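So you can see what is in the structure, the chains are spelled out below.
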Amino acid sequence: MSPEHSGDVTGAALQLRGVTKRFGSFTAIEDISLTIEPGEFVTFLGPSGSGKTTTLNCIAGFEEVTAGEILLGGNSLTSLPIHKRNLGMVFQGYALFPHMTVEKNIAYPLKQRKLPRAAIARDVAFALETVGLTEFKDRMPTQLSGGQRQRVALARAICFGPPLLLMDEPLSALDKALREQLQLEIRRIHRELGTTVVFVTHDQDEALALSDRIVVFDKGRIVQIGTPRELYQNPENVFVSEFVGESVMIAGSYADGEFSTEAGRFSTAAASSSPQWSGPAQMMIRPERIGIAGAEASAPASGDGSGDAVHSVRGVIEDITYVGNAVKYRVGLPGGGGIVRSQDIGGTVGDIGAPVRLSWNPADARILAREDA
Amino acid sequence: MTTATRPAGSGAPPRARRGLGPYGILVLPVILIVVLCFVVPMLTVLVRAVTEPEPGLQNFAWLFASDHTLALIGRTLRLAGAATLITALIGYPYAYAMATAGPRVQAIMLLVVLLPFWTSMMVRTFAWIIILQNNGVLNAMLTGVGLPPQSLLYTQTAVLIGMCQVLMPFMVLPMVAVMRSIDMRIPLAAQTFGAPPVKAFFTVYLPMSLPGVLSGALIVFILSLGFYVTPALLGSPREQILPNALFNQIVDLLNWGQGGALAVALLVTVGLAFVLVYLVTRALGLKVNVAGGAQL
């Protein structure tokens, strides 16, 4: 197992089949099954305790799975010890070797693979160049900034051309500007190396920005897998819609193509999904799909010529946040509320406490089953 | 890659203000005690070493000319070295187990290691006499399982056993302090990158815990150079070590001159130990705090 590195390393497919991990009577993850394509960038997204890190630990071998199987490139990892899995990993907090220089840190995986000295020197130089730290190779980790340590951790994880790169909240300790810069670099490195990446984060913006696909975890289970756009536009449940992006939610009940709330009845005939079931439900609309106007404004007419009336509802402004290119209104509605985003084109809709009217195209509303009901 | 060269979020932390400020006066009592009870008597000993019975360096000439004193110094160093080595070898696995144990087990292990601390020196030493004497507990056990009895009491081995027990906490506690600060993801990272567990330990965990080993070793070595009661009670007068010879010279023979020279020899040995550890740590790029709270 001494992978000869080159610039065009490609990743391997990762398969999880019914992976379950229990600690005593506590089930950390249950029946996790998914397939990640070679070279794909997949993010595990979820709140803390959702099982995303446990799943990663099972892949890395830090936890023994209670049941199920993990396959990398068709070969089972499940019973392999940690050091034989041949994975690249960027740890939370970096886990650099503090008693070694940057160069020695990066050479460590190559030395374990018993590569000839010339090959080690070449691969370390390549990794250093990839992350832009060539002139820092003789520094100790303590002499580096957070962003530089992050880059060393990344270089150490990719230098031996691993078929799978695991990243455990690698950017959580960095400030926002640096985080966004490193996100771009991670994307670039992923494109250049073509390795399969599993990236764990609780930050939905990070997940949306980086991933080919996102796996959303909640309470030890996968709740939805999809591209960032699918998750944002077509969340399958309330948890995903609230965890990925902002939204306006209205509680009510749904039956036969009609959503009823205290504020009125809404036909879902034109909605992107008109479910077959009936029962307690939430209607979800994304903030940028909603128009907001003063309460005295009359309900606007439908703009798409479908003949369907635009849905509208009255509410009260609860909070206003100015974010530069837009104004975010937190609006309270009968049976719900949420965030509405309005382009800042001068003039205001009203102050906190002012009554407003929200309106949206029926096609932009989604009906989701209410889990708490 | 122009952006990569810019150290993000760098900037040295603000330097601590020099001087002590208005509360500096609170340090005075401590300084006074140290000067009166430590610096003054020590200088007296030094002065007497070069003035008694007459001014000159004859006491040091005696020190280096006599086979007896050189053997004394050699024996003392060997004993201190052996005590350091043994406490390190026994203490390291113990400290590792303690640092990685849960809080309950950790508290119990701390209690066990501190137990000799809380026992009176005399009680502890006489307990060893009872265990080690010819018809003692140890020999009863040995003969009980059919092994020949050992004559351990009043030997260097008995001294070593007694010293190691007393010195164990000084070795274990600095080790635990360092080991507890080690992020366990780091040795895990070594395994992830292809090192089998044993190799990950020797290439990553051991070097990272070395500051604790060094500061523990320094403390134990220096303390064992000054051990008096244990060697006096468990050892043989024919195999004296420096502190006991020193005591003889000054208390029994009232020979302040030669006693002083021995004291200087002891002091210089301690100083050399400090210099040695300093050089080792600097060569390895480590920071060692001799007070025990070592860090990397």
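What you see is a predicted model, and the numbers here were worked out from it, not measured in a lab.

A word on the confidence of the model for chain A
All names here are of chain A.
Part 1: Averaged over all residues, the pLDDT of chain A equals 87, while 91% of them reach at least 70.
Part 2: In the predicted structure, residues 1-7 sits below a pLDDT of 50 and forms 17 contacts with residues beyond four places in sequence or in another chain.
Part 3: With pLDDT under 50 throughout, residues 301-307 is counted as low confidence; its partners more than four residues away or in other chains account for 6 contacts.

Points about the environment of Val277(B)
Part 1: Looking at where Val277(B) falls in the secondary structure, it is placed in helix 12 (residues 256-284).
Part 2: Once the C-alpha coordinates of Val277(B) and Ala217(B) are considered, the two residues, 60 residues apart in sequence, prove to be 9.0 Å apart.

Side note on the UniProt feature "transmembrane region" (unreviewed entry) in chain B
All names here are of chain B.
Part 1: According to UniProt, the "transmembrane region" (unreviewed entry) feature falls on residues 25-50, 70-95, 107-131, 151-179, 200-229 and 261-280.
Part 2: For the annotated span residues 25-50, helix accounts for 88% and strand for 0% of the residues, and the straight-line distance between the end C-alpha atoms is 36 Å.
Part 3: For residues 261-280, the helix share is 100%, the strand share is 0%, and the end-to-end C-alpha distance is 29 Å.

Looking at helix 3 (residues 117-131) of chain A
All names here are of chain A.
Part 1: Relative to the 21 Å expected for 15 residues at 1.5 Å per residue, helix 3 spans 21 Å between its end C-alpha atoms, a close match to the ideal helical length.
Part 2: Listing the buried residues of helix 3 in full gives Ala119, Ile120, Asp123, Val124, Ala127, Leu128, Thr130 and Val131. Around the axis of helix 3, the buried residues are gathered within 165 degrees of arc, so they sit on the same side. Exposed and oriented more than 90 degrees from the buried face of helix 3 are Ala118 and Glu129.
Part 3: Considering only its buried residues, helix 3 is in contact with helix 2 (102-112), helix 4 (146-158) and helix 5 (176-193).
Part 4: Once helix 3 finishes, glycine 132 follows within two positions and takes phi at roughly 70 degrees, a positive value.

Description of the interface of chain B and chain A
Part 1: The interface of chain B with chain A comprises 26 residues on the first partner and 36 residues on the second.
Part 2: When the two sides are added together, the surface that chain B and chain A hide from each other amounts to roughly 2,500 Å², 64% of it contributed by carbon and sulfur.
Part 3: Counting every contact that joins chain B to chain A gives 0 salt bridges.

A few points about the sheet that holds strand 9 (residues 213-218) of chain A
Residues and elements named next belong to chain A.
Part 1: If you walk across this open sheet you meet the 6 strands as 6-7-8-3-9-10, and the pairing is mixed. Single-partner strands in this sheet number two, and they are strand 6 (88-90) and strand 10 (221-226). Strand-to-strand twist across the sheet, computed as the mean angle between neighbouring axes with direction ignored, equals 15 degrees.
Part 2: Note that strand 6 and strand 7 (residues 164-168) share 3 bridges and pair parallel. When the bridges of strand 7 are listed, methionine 89 appears paired with leucine 166.
Part 3: With respect to the sheet, helix 1 (residues 52-60) is in contact with strand 3 (41-45), strand 6, strand 7, strand 8 (196-201) and strand 9, its orientation differing from that of strand 7 by roughly 145 degrees.

Considering the UniProt feature "domain: ABC transmembrane type-1" (unreviewed entry) in chain B
Part 1: Look at the UniProt record and you will see "domain: ABC transmembrane type-1" (unreviewed entry) annotated at residues 73-277 of chain B.
Part 2: Between the end C-alpha atoms of residues 73-277 of chain B the distance is 20 Å, and the span holds 80% helix and 0% strand.

Quick notes on the sheet that holds strand 5 (residues 75-76) of chain A
Residue and element names in this part refer to chain A.
Part 1: Read across the open sheet, the 4 strands follow the order 2-1-4-5; overall the sheet is antiparallel. Edge strands, defined here as strands with exactly one partner in the open sheet, are strand 2 (26-36) and strand 5.
Part 2: In the packing of helix 1 onto the sheet, contacts are made with strand 1 (14-23), strand 2 and strand 4 (67-72), and the angle to strand 1 comes to roughly 115 degrees.

Some remarks on the UniProt feature "domain: ABC transporter" (unreviewed entry) in chain A
Part 1: Under the present numbering, the feature "domain: ABC transporter" (unreviewed entry) in UniProt falls on residues 14-244 of chain A.
Part 2: The distance separating the terminal C-alpha atoms of residues 14-244 of chain A is 24 Å; by composition the span is 37% helix and 26% strand.

How each quantity is defined
Residues numbered from 1 in each chain as written. Chains lettered and ligands numbered in written order. Predicted model: local features only at pLDDT ≥ 70, side-chain atom pairs only at ≥ 80, totals over all residues. Heavy atoms only, no water. pLDDT = per-residue confidence, 0-100. Contact = heavy atoms within 4.5 Å. Helix = DSSP H or I, 4+ residues; strand = E, 2+ residues; numbered from the N terminus. UniProt positions renumbered as here; feature names shortened; annotations may be inferred. Expected span 1.5 Å × (residues − 1). Buried < 20%, exposed > 50% of the residue type's maximum accessible area, 1.4 Å probe, protein only. Arc of directions from axis to C-beta. Buried area = accessible area lost by both parts, 1.4 Å probe. Salt bridge = Lys/Arg side-chain N within 4 Å of Asp/Glu carboxyl O. Pairing = 2+ DSSP bridges. Axes fitted to C-alpha atoms, helices over the stretch in contact; angles between N-to-C directions.

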